[in-house]
Amino acid sequence: MTTVLRVLRLPHAEGLPLPHYQTMQAAGADIVAALEEPLTIPPLGRAMVPTGLCFQIAPGFEMQLRPRSGLAAKYGVTLLNTPGTVDSDYRGEVKVILINLGAEPFVVTRGERIAQAVIAPVLQADYLEVESLDETARGAGGFGSTGR
């Protein structure tokens, strides 16, 4: 299933590819860094990396920004706020918050694939305060309550 997503390219993204899927059945489209010069992220450092792109996302959908598994596995670089949500009413430049959990500085270069964008449906809820909730087998058991 596909949909059309309108994209506004800002001047500092000129010449860079729009988000694109690496394979026919990929869930995420790769997003690249729109940097003027290389950016070094030290170990345990973080940076907001510009994409140079603004999106018009249809109401009822969001864009989720997710880490690239290769960057995480090879370098310890991931997204700090993951999945990051781009709401359908946001029209500003999308930036990616990268964090370097690796032991070495990581250099981000112009045009480097830094994240994946997944378009997902969103339901909004009406929140209703109640006196009690239906009981379940798990109940209030929290983290680890179902075992390792």
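Residues numbered from 1 in each chain as written. Predicted model: local features only at pLDDT ≥ 70, side-chain atom pairs only at ≥ 80, totals over all residues. Heavy atoms only, no water.

- The name given to the protein chain in an unreviewed UniProt entry is Deoxyuridine 5'-triphosphate nucleotidohydrolase, and the organism recorded there is Aureimonas fodinaquatilis.
- Under the heading Cofactor (unreviewed entry), UniProt records this for the protein chain: "Mg(2+)". (UniProt positions renumbered as here; feature names shortened; annotations may be inferred.)

### Digging into the sheet that holds strand β11 (residues 113-121)
Piece 1. Across the sheet, 4 strands lie side by side as β2-β11-β6-β8; this open sheet has antiparallel pairing. The open sheet has two edge strands, β2 (29-32) and β8 (84-86), and neither has a second partner. Taking each pair of neighbouring strands and ignoring which way they run, the sheet shows an average axis angle of 35°. (Pairing = 2+ DSSP bridges. Helix = DSSP H or I, 4+ residues; strand = E, 2+ residues; numbered from the N terminus. Axes fitted to C-alpha atoms, helices over the stretch in contact; angles between N-to-C directions.)

### Remarks on the UniProt feature "binding site: substrate" (unreviewed entry) in the protein chain
Piece 1. The UniProt entry lists Arg-68, Ser-69, Gly-70, Asn-81, Thr-85, Val-86 and Asp-87 under the feature "binding site: substrate" (unreviewed entry), expressed in the numbering used here. Judged by maximum C-alpha separation, these annotated positions cover 20 residues in sequence and are scattered in space, the widest gap reaching 26.3 Å. Of the annotated set, the members that line the second largest pocket are Asn-81, Thr-85 and Val-86.
Piece 2. Looking at the element boundaries, Arg-68 is found in the loop between β6 (61-66) and α1 (69-75).
Piece 3. Discounting chain neighbours no more than four positions away, the residues touching Arg-68 are Asp-30, Arg-113, Ile-114, Ala-115 and Gln-116.
Piece 4. You can see Asp-87 is positioned in the loop between β8 and β9 (95-100).
Piece 5. By relative accessible area, which is 43% here, Asp-87 ends up partly exposed. (1 Å grid on protein atoms, 1.4 Å probe; cavity = no way out; pocket = protein on both sides within 12 Å on 5 of 7 lines; lining within 4 Å. Contact = heavy atoms within 4.5 Å. Buried < 20%, exposed > 50% of the residue type's maximum accessible area, 1.4 Å probe, protein only.)

### Regarding the packing of aromatic side chains
Piece 1. Under the defined criterion, the tally for this structure stands at 1 aromatic pair.
Piece 2. Geometrically, the ring pair formed by Tyr-75 and Phe-106 is tilted, given 5.3 Å between the ring centres and 50° between the ring planes. Residue Tyr-75 is located in helix α1, and its partner Phe-106 is located in strand β10 (residues 106-108); the two are separated by 31 residues in the primary sequence.
Piece 3. Classification of Tyr-75 as partly exposed rests on a relative accessible area of 45%. (Phe/Tyr/Trp six-rings, centres within 6.5 Å; stacked < 30°, edge-to-face > 60°.)

### Observations concerning the pattern of salt bridges
Piece 1. For the coordinates displayed, the defined rule picks out 2 salt bridges.
Piece 2. Taking the shortest distance from any N to any O, the salt bridge between Arg-68 and Asp-30 comes out at 3.7 Å. With Arg-68 in the loop between β6 and α1 and Asp-30 in strand β2, this pair connects stretches of sequence that are 38 residues apart. Considered together, Arg-68 and Asp-30 belong to a single accessibility category, that of buried residues.
Piece 3. A salt bridge links Arg-113 to Asp-30; the nearest nitrogen and oxygen atoms lie 2.8 Å apart. Taken together, the residues span a long stretch of sequence, with Arg-113 in strand β11 and Asp-30 in strand β2 at a distance of 83 residues.
Piece 4. Each of Asp-30, Arg-68 and Arg-113 takes part in a single network of salt bridges with overlapping partners. (Salt bridge = Lys/Arg side-chain N within 4 Å of Asp/Glu carboxyl O.)

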